[in-house]
Amino acid sequence: MSKTTNVKIQRKTNPRTPVLIAALKEGARQNEVAIWRDVAKRLEKPGKNYAQVNLSKINRYAKDGETVIIAGKVLGAGLLEKAVTVAAYNFSVTAMEKIEEVGGKCLTIEQIMEENPKGSGIKILQ
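Residues numbered from 1 in each chain as written. Predicted model: local features only at pLDDT ≥ 70, side-chain atom pairs only at ≥ 80, totals over all residues. Heavy atoms only, no water.

## Considerations on the nonpolar core
So the rule is basically this: Put simply, a nonpolar core is a bunch of buried Ala, Val, Leu, Ile, Met, Phe, Trp, Tyr and Cys residues held in one set by side-chain atoms that sit within 4.5 Å of each other. Relative accessibility thresholds used throughout: buried, under 20% of the residue-type maximum; exposed, over 50%; partly exposed, between the two (1.4 Å probe, protein chains only). Going along the chain from the N terminus, every DSSP run of H or I of four or more residues is numbered as a helix, and every run of E of two or more is numbered as a strand. Throughout, a residue-residue contact means that at least one pair of heavy atoms, one from each residue, lies within 4.5 Å.
The biggest cluster of nonpolar side chains holds 20 residues, and the ones touching the most others in it are Leu24, Trp36, Val39, Leu43, Ile69, Ile109 and Ile112. When contributions to this core are tallied by element, the ones reaching two or more residues are helix H2 (16-31), helix H3 (34-44), strand S2 (67-75), strand S3 (85-91) and helix H6 (109-115). At five residues, the largest contribution of residues to this core is made by H3. Sequence-distant contacts of Leu43, that is, excluding residues within four places in its chain, are made with Lys12, Thr17, Leu20, Ile21, Leu24, Tyr50, Ala71, Tyr89 and Ile109. Within the second largest apolar cluster, 17 residues are counted, among which are Ala51, Leu55, Ile58 and Val86.

## Here's the deal with the environment of Leu20
Assignment of secondary structure puts Leu20 in helix H2. On the basis of relative accessibility, which here comes to 1%, the residue Leu20 falls in the buried class. In this structure the C-alpha to C-alpha distance between Leu20 and Asn90, which are 70 residues apart in sequence, comes to 13 Å. For Leu20, the contacting residues outside a window of four places in its chain are Leu43, Tyr89, Ile109 and Glu110.

## Observations concerning H2
Each α-helix turn comprises 3.6 residues. Residues three or four places apart therefore point the same way. Worth spelling out the cut-off: By this rule the span expected of a helix is its residue count minus one, scaled by 1.5 Å. The arc under discussion is defined with respect to the helix axis, by the directions toward the C-beta atoms.
Compared with the 22 Å implied by 1.5 Å per residue over 16 residues, the 22 Å span of H2 between its first and last C-alpha is a close match. Among all positions in H2, only Thr17, Leu20, Ile21, Leu24, Lys25, Gly27 and Ala28 are buried. Seen end-on, H2 carries its buried residues on one side only, within an arc spanning 160 degrees. Those residues of H2 that are exposed and aimed more than 90 degrees away from the buried face are Val19 and Gln30.

## Some remarks on the pairing of strand S1 (residues 51-54)
Under the convention used in this document: Note on pairing: DSSP must find at least two bridges between two strands before they are called paired. Think of it like this: strands point away, you trace from the first strand over the helix to the second, and a clockwise trace means the crossover is right-handed.
Of the two faces of S1, the one holding Ala51 and Val53 is buried and the one holding Gln52 and Asn54 is not buried anywhere. Where S1 and S2 come together, four bridges link them in parallel fashion. Note on S2: the bridge partner recorded for Gln52 is Lys73. Taken together, S1, helix H4 (residues 55-61) and S2 form a β-α-β motif whose crossover is right-handed.

## A closer look at the pattern of salt bridges
Filter applied, for reference: For salt bridges, the criterion is a side-chain nitrogen of Lys or Arg within 4 Å of an Asp or Glu carboxyl oxygen.
According to the stated counting rule, one finds five salt bridges in the structure shown. The salt bridge involving Arg16 is made with Glu110; its shortest N-O contact spans 3.0 Å. Highlighted residues: Arg16 in helix H2 and Glu110 in helix H6, separated in sequence by 94 residues. What makes Glu110 partly exposed here is its relative accessible area of 29%. Of the charged contacts, one joins Lys25 and Glu44 as a salt bridge, the two residues approaching to 2.5 Å between their closest N and O atoms. Taken together, the residues Lys25 in helix H2 and Glu44 in helix H3 connect sequence positions 19 residues apart. Across the pair, exposure class does not vary: Lys25 and Glu44 are buried alike.

Shown next as C-alpha coordinates:
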(Lines give C-alpha, C1' and ligand atoms only; values in the text may rest on other atoms or scores of the structure.)
Protein backbone atom coordinates (compact mmCIF):
# COMPACT_ATOMS: atom_id res chain seq x y z
CA MET A 1 0.00 0.00 0.00
CA SER A 2 1.10 3.51 -0.65
CA LYS A 3 2.04 5.78 2.21
CA THR A 4 -1.03 8.03 1.87
CA THR A 5 -3.38 5.03 1.70
CA ASN A 6 -1.81 3.57 4.81
CA VAL A 7 -2.25 6.89 6.66
CA LYS A 8 -5.91 7.09 5.60
CA ILE A 9 -6.57 3.58 6.86
CA GLN A 10 -4.79 4.12 10.18
CA ARG A 11 -6.92 7.20 10.92
CA LYS A 12 -10.11 5.16 11.10
CA THR A 13 -11.52 5.01 14.62
CA ASN A 14 -13.54 1.81 14.15
CA PRO A 15 -11.01 -1.05 14.48
CA ARG A 16 -13.04 -3.18 12.04
CA THR A 17 -12.56 -0.74 9.14
CA PRO A 18 -8.78 -1.03 8.49
CA VAL A 19 -8.98 -4.82 8.67
CA LEU A 20 -11.89 -4.85 6.21
CA ILE A 21 -10.17 -2.48 3.78
CA ALA A 22 -7.01 -4.60 3.82
CA ALA A 23 -9.05 -7.79 3.27
CA LEU A 24 -10.93 -6.21 0.36
CA LYS A 25 -7.70 -5.12 -1.32
CA GLU A 26 -6.15 -8.54 -0.77
CA GLY A 27 -9.25 -10.22 -2.22
CA ALA A 28 -9.09 -7.92 -5.25
CA ARG A 29 -5.44 -8.83 -5.85
CA GLN A 30 -5.83 -12.57 -5.33
CA ASN A 31 -8.96 -13.02 -7.42
CA GLU A 32 -8.26 -10.20 -9.89
CA VAL A 33 -11.68 -8.69 -9.18
CA ALA A 34 -12.27 -4.93 -9.40
CA ILE A 35 -15.45 -4.87 -7.28
CA TRP A 36 -13.58 -5.43 -4.01
CA ARG A 37 -11.08 -2.67 -4.80
CA ASP A 38 -13.98 -0.30 -5.56
CA VAL A 39 -15.67 -1.06 -2.22
CA ALA A 40 -12.31 -0.63 -0.41
CA LYS A 41 -11.82 2.81 -1.99
CA ARG A 42 -15.32 3.83 -0.90
CA LEU A 43 -14.57 2.73 2.68
CA GLU A 44 -11.27 4.66 2.71
CA LYS A 45 -13.24 7.90 2.51
CA PRO A 46 -14.33 9.67 5.70
CA GLY A 47 -17.18 7.99 7.55
CA LYS A 48 -19.53 10.92 6.98
CA ASN A 49 -19.24 10.23 3.23
CA TYR A 50 -20.27 6.57 3.51
CA ALA A 51 -23.42 5.64 1.60
CA GLN A 52 -26.70 5.66 3.50
CA VAL A 53 -29.21 3.69 1.46
CA ASN A 54 -32.89 3.32 2.31
CA LEU A 55 -34.83 0.14 1.58
CA SER A 56 -36.95 2.04 -0.93
CA LYS A 57 -33.86 2.61 -3.09
CA ILE A 58 -32.92 -1.07 -2.88
CA ASN A 59 -36.48 -1.96 -3.89
CA ARG A 60 -36.28 0.44 -6.85
CA TYR A 61 -32.94 -0.71 -8.28
CA ALA A 62 -32.58 -4.38 -7.31
CA LYS A 63 -34.32 -7.31 -8.93
CA ASP A 64 -35.83 -10.23 -7.04
CA GLY A 65 -33.13 -12.67 -5.93
CA GLU A 66 -30.28 -10.26 -6.73
CA THR A 67 -27.29 -9.50 -4.52
CA VAL A 68 -26.46 -5.87 -3.73
CA ILE A 69 -23.57 -4.42 -1.76
CA ILE A 70 -23.56 -1.08 0.04
CA ALA A 71 -20.31 0.50 1.26
CA GLY A 72 -22.09 2.14 4.16
CA LYS A 73 -25.30 1.75 6.15
CA VAL A 74 -28.69 0.37 5.14
CA LEU A 75 -31.56 2.32 6.66
CA GLY A 76 -35.12 1.07 7.20
CA ALA A 77 -37.11 3.83 5.48
CA GLY A 78 -39.47 2.65 2.77
CA LEU A 79 -40.83 -0.72 1.75
CA LEU A 80 -38.98 -3.71 0.39
CA GLU A 81 -41.07 -6.05 -1.75
CA LYS A 82 -38.32 -8.28 -3.17
CA ALA A 83 -36.25 -11.02 -1.59
CA VAL A 84 -32.73 -9.69 -2.12
CA THR A 85 -29.42 -10.45 -0.48
CA VAL A 86 -27.97 -7.25 0.94
CA ALA A 87 -24.33 -6.98 2.01
CA ALA A 88 -23.37 -3.79 3.81
CA TYR A 89 -20.91 -2.30 6.25
CA ASN A 90 -23.74 -1.70 8.74
CA PHE A 91 -27.52 -2.13 9.06
CA SER A 92 -30.17 -0.41 11.12
CA VAL A 93 -32.33 -2.73 13.22
CA THR A 94 -35.49 -1.91 11.26
CA ALA A 95 -33.74 -2.50 7.94
CA MET A 96 -32.61 -5.96 9.05
CA GLU A 97 -36.12 -6.82 10.21
CA LYS A 98 -37.73 -5.67 6.96
CA ILE A 99 -35.20 -7.47 4.74
CA GLU A 100 -35.60 -10.76 6.60
CA GLU A 101 -39.39 -10.32 6.70
CA VAL A 102 -39.65 -10.56 2.89
CA GLY A 103 -37.24 -13.50 2.69
CA GLY A 104 -34.01 -11.62 2.00
CA LYS A 105 -30.64 -12.00 3.67
CA CYS A 106 -28.46 -9.48 5.51
CA LEU A 107 -24.73 -10.12 5.24
CA THR A 108 -21.63 -8.22 6.20
CA ILE A 109 -19.10 -7.36 3.51
CA GLU A 110 -16.74 -9.94 4.98
CA GLN A 111 -19.37 -12.67 4.63
CA ILE A 112 -20.17 -11.84 1.00
CA MET A 113 -16.44 -11.89 0.19
CA GLU A 114 -16.22 -15.41 1.64
CA GLU A 115 -19.35 -16.63 -0.17
CA ASN A 116 -18.55 -15.03 -3.53
CA PRO A 117 -14.81 -14.30 -3.84
CA LYS A 118 -15.11 -13.58 -7.59
CA GLY A 119 -17.82 -10.99 -6.95
CA SER A 120 -19.98 -12.23 -9.80
CA GLY A 121 -23.59 -11.06 -9.94
CA ILE A 122 -23.17 -8.35 -7.30
CA LYS A 123 -24.51 -4.83 -7.85
CA ILE A 124 -23.07 -1.84 -5.94
CA LEU A 125 -25.57 0.73 -4.67
CA GLN A 126 -24.72 4.10 -3.17
